[in-house]
Amino acid sequence: MKQQPLIIDGHLDLSMNAMEWNRDLRQPVARIRELERGMTDKPDRGNSTVAFPEMRAGNVGLCFGTLIARYAKPTHPLGGWRSPEQAWGMVQAQLAWYEEMDRQGALRMIKNEPDLNDHLGLHGQEDSGPIGFLLSLEGADSIVTFDHLHQLQARGLRAIGPAHYGPGTYAFGTNSEGGIGDKGKQLLKEMESLGMALDVTHLCDTSFWEAMACFRGVVWASHSNCRALVNHNRQFSDEQLKALLERDAVIGMPLDAWMMVPGWIRGKSHPSNTVVTLQQMIDHMDHICQLAGNANHVAIGTDLDGGFGTEQGPSDLDTIADLQKLTGLLAERGYSATEVDAIFHGNWLRKMREVLQ
């Protein structure tokens, strides 16, 4: 039987799910859902979509695995850890989990180009082999000092998104507005000196433009959609997308329903009463491809189980394994096999090699 094409997912909060949602991702999705039956502490309980068996079943053999811990001052609209040091502590717990999964052979941290080449060479030879991941930090609030940044880089961190939701230490994120300031500029310069990538996802408009002007290294957007299709500050405007294209950036397409279709109301809208499918993911992909004139700048960055599950995702995706449906759907929309390979893995591989060399 022909092997399914390799998929690289540009954004998965694996360690957050393990350490804060208490999900053992070595178990199948069905088992994780069963264990969460009746739980109500999180809106997505019993609706998870990501676990190692399903990633292997869908040939999601590589991903960008995140660390995430937001520091929030008392006035922060969404809350978070009460100090940067506490956020740092959570990041350490998440990193310890990644390192243990690596030690056990369930995951493999990709720290350099030889790691990547070796993983690609072995990938597909055995169904139970490790899933490769590039370590990324979503929101930089946990970086107490630049010594902390160097510690993370030495342990494998290769990309940073300076902000998440609301105002952060180094930039302003989604649903807030402001610049990166001196601290943000210093962080970007330090990242550049370490050869790390800048993930511009979640940056508000002002922070986005200031970061793009300040940072001269590798840029990407791990999980962002198009403002022209869903008008929200979380999305990129065409002007921002064109600036990213000029930097040879790659933009990963997320599967959070409110970002895919306009008018989604959390807690009321549902895949059963709103048309949201993988076709809408392709709509966002196609919008960027039309701006670019090619398929060299879009990829997959699902954000699956990033605080939502099947209750707020495409109706035709039950688990991450269903990403393979995109093969036929993209072909139906006129994308060639070469272009599908670029979207599935080729574009992310190009950017990974730039960071890992």
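Counting restarts for each chain: residues are numbered from 1 in the order of the written sequence. Since the coordinates come from a predicted model, pLDDT governs what is reported: local features require at least 70, and pairs of side-chain atoms require 80 or more to be given and counted, while whole-chain, interface and lining totals use all residues. Values shown for side chains rest on all heavy atoms present in the structure; no hydrogens or waters enter the calculation.

Before going further, it helps to examine the overall build of the chain. Tallying secondary structure elements over the chain gives 13 helices and nine strands in all. Here the globule rule reads 2.2 Å times residues to the power 0.38, and the radius of gyration is calculated from C-alpha atoms. Rg of the C-alpha trace for the chain: 19 Å, near the compact-globule value of 21 Å for 357 residues, within the 12% margin. Dimensions along the principal axes, computed over C-alpha positions, put the chain at roughly 55 × 45 × 45 Å. Residue exposure (1.4 Å probe, protein chains only): buried if accessible area is under 20% of the type maximum, exposed if over 50%, otherwise partly exposed. Buried positions account for 58% of the 357 residues belonging to the chain. In what follows, a contact means two residues having at least one pair of non-hydrogen atoms within 4.5 Å. Within the chain, residue pairs in contact and separated by at least 24 positions form 72% of the contacts whose partners lie at least 6 positions apart. Using the Shrake-Rupley algorithm and a 1.4 Å probe, accessible areas are obtained, with residue cover drawn only from the displayed protein chains. For the chain, the exposed area adds up to about 14000 Å²; of that, 49% sits on carbon and sulfur atoms. Lys and Arg are tallied as positive, Asp and Glu as negative. Neither His nor the chain termini are counted. All charge positions are set by atom: Lys at NZ, Arg at CZ, Asp at CG, Glu at CD. Of the charged side chains in the chain, 32 are positive and 45 negative, and the gap between their average positions amounts to 3 Å. Every helix listed is a DSSP run of H or I at least four residues long, and every strand listed is a run of E at least two residues long, numbered separately from the N terminus.

Burial analysis of strand E2 (residues 62–68) places seven of its seven residues in the buried class, which makes it a mostly covered element. Both faces of E2 are covered, namely the face carrying Leu-62, Phe-64, Thr-66 and Ile-68 and the face carrying Cys-63, Gly-65 and Leu-67. Here, any two strands with at least 2 DSSP bridges between them count as paired. With three bridges joining them, strand E1 (residues 8–12) and E2 adopt parallel strand pairing. When the bridges of E2 are listed, Ile-8 appears paired with Leu-62. Sheet topology places E2 next to strand E4 (residues 131–138); seven bridges connect them, and they run parallel. Of the residues in E4, the one forming a bridge with Cys-63 is Phe-133.

The first and last C-alpha atoms of helix H11 (residues 278–292) sit 21 Å apart over 15 residues, in line with the 21 Å expected at 1.5 Å per residue. Looking at the buried positions of H11, the neighbouring elements they touch are helix H9 (238–246), strand E8 (251–253), helix H10 (257–260), strand E9 (298–300), helix H12 (326–332) and helix H13 (337–356). Pairing of N or O atoms within 3.5 Å defines a polar contact, subject to two protein rules: one partner must be a possible hydrogen donor and the other a possible acceptor, and residues neighboring in sequence count only if both atoms are side-chain atoms. Measuring from the side-chain oxygen of the N-cap residue of H11 to the backbone nitrogen of Gln-279 gives 3.0 Å; that N-cap residue is Thr-277. Remark: Gly-293 follows H11 within two positions and exhibits a positive phi of approximately 80 degrees. Expected span of a helix: the number of residues minus one, times 1.5 Å.

The interhelical angle for the contact between helix H5 (residues 113–122) and H13, taken along N-to-C directions, is 145 degrees, at an axis separation of 9 Å. For the pair H5 and H13, the contacting residues are Glu-113, Leu-116, Asn-117 and Leu-120 in the first and Leu-349, Met-352, Arg-353 and Leu-356 in the second. Here the nonpolar group is Ala, Val, Leu, Ile, Met, Phe, Trp, Tyr, Cys and Pro; Asp, Glu, Lys and Arg are the charged ones; every other residue, Gly included, is treated as polar. Along the lines of polarity and charge, the residues of the contact of H5 with H13 split into five nonpolar, one polar and two charged. Note on method: axes are straight lines fitted to C-alpha atoms, helices fitted across the in-contact stretch only, with angles between N-to-C directions ranging 0 to 180 degrees.

Positionally, Thr-201 belongs in the loop between strand E6 (197–199) and helix H8 (205–214). Within the local environment of Thr-201, its side chain forms a polar contact with the side chain of Ser-224, the two groups lying 3.4 Å apart. Every residue in contact with Thr-201, bar those within four places of it in the chain, is listed here: Ala-163, Ala-221, Ser-222, His-223, Ser-224, Arg-234 and Phe-236.

Attention shifts here to the pattern of salt bridges. Salt-bridge detection follows one rule: a side-chain nitrogen of Lys or Arg within 4 Å of a carboxyl oxygen of Asp or Glu. Considering all chains together, one arrives at 17 salt bridges under this definition. Arg-33 serves as the salt-bridge partner of Asp-318, at 3.2 Å between the closest nitrogen and oxygen. Taken together, the positions of Asp-318 in the loop between E9 and H12 and Arg-33 in helix H2 (residues 29–35) put the pair 285 residues apart, joining distant regions of the chain. The partner of Arg-108 in a salt bridge is Asp-115, and the shortest N-O contact between them spans 3.9 Å. Taken together, the salt bridges that share partners define one network made up of Arg-23, Glu-36, Asp-41, Asp-44 and Arg-45.

Moving on to helix H4 (residues 84–104). Along its 21 residues, H4 runs 30 Å from first to last C-alpha, staying within 8% of the 30 Å computed at 1.5 Å per residue. Turning to H4, its buried residues number three or more, namely Ala-87, Trp-88, Met-90, Val-91, Gln-92, Gln-94, Leu-95, Trp-97, Tyr-98 and Met-101. Immediately beyond the C-terminal end of H4, within one or two residues, lies Gly-105, with a positive phi of roughly 90 degrees.

A positive phi is found at Asn-22, a non-glycine position, where the angle reads about 60 degrees. Note that Asn-22 resides in the loop between helix H1 (14–19) and H2. What makes Asn-22 exposed here is its relative accessible area of 68%. One non-glycine residue, Asp-303, adopts positive backbone phi at about 60 degrees. Looking at the secondary structure, you find Asp-303 in the loop between E9 and H12.

Once that is clear, we can look at the nonpolar core. Nonpolar cores are built from buried Ala, Val, Leu, Ile, Met, Phe, Trp, Tyr and Cys residues. Side-chain atoms within 4.5 Å join them into one set. Met-55 and Val-200 are the most contacted members of the largest nonpolar core, which has 93 residues in total. Discounting residues that sit within four places of it in the chain, Val-200 has contacts with Phe-208, Met-212, Val-219, Trp-220, Ala-221, Phe-236 and Leu-244.

All right, on to the environment of Gly-61 then. With respect to the secondary-structure elements, Gly-61 resides in the loop between helix H3 (52–57) and E2. Taking relative accessible area as the criterion, Gly-61 reaches 2% and is therefore assigned buried. For the pair Gly-61 and Ser-136, spaced 75 residues apart in sequence, the C-alpha separation works out to 17 Å. Those residues in contact with Gly-61, other than ones at most four positions away along the chain, are Leu-6, Ile-7, His-119, His-123, Ile-131 and Gly-132.

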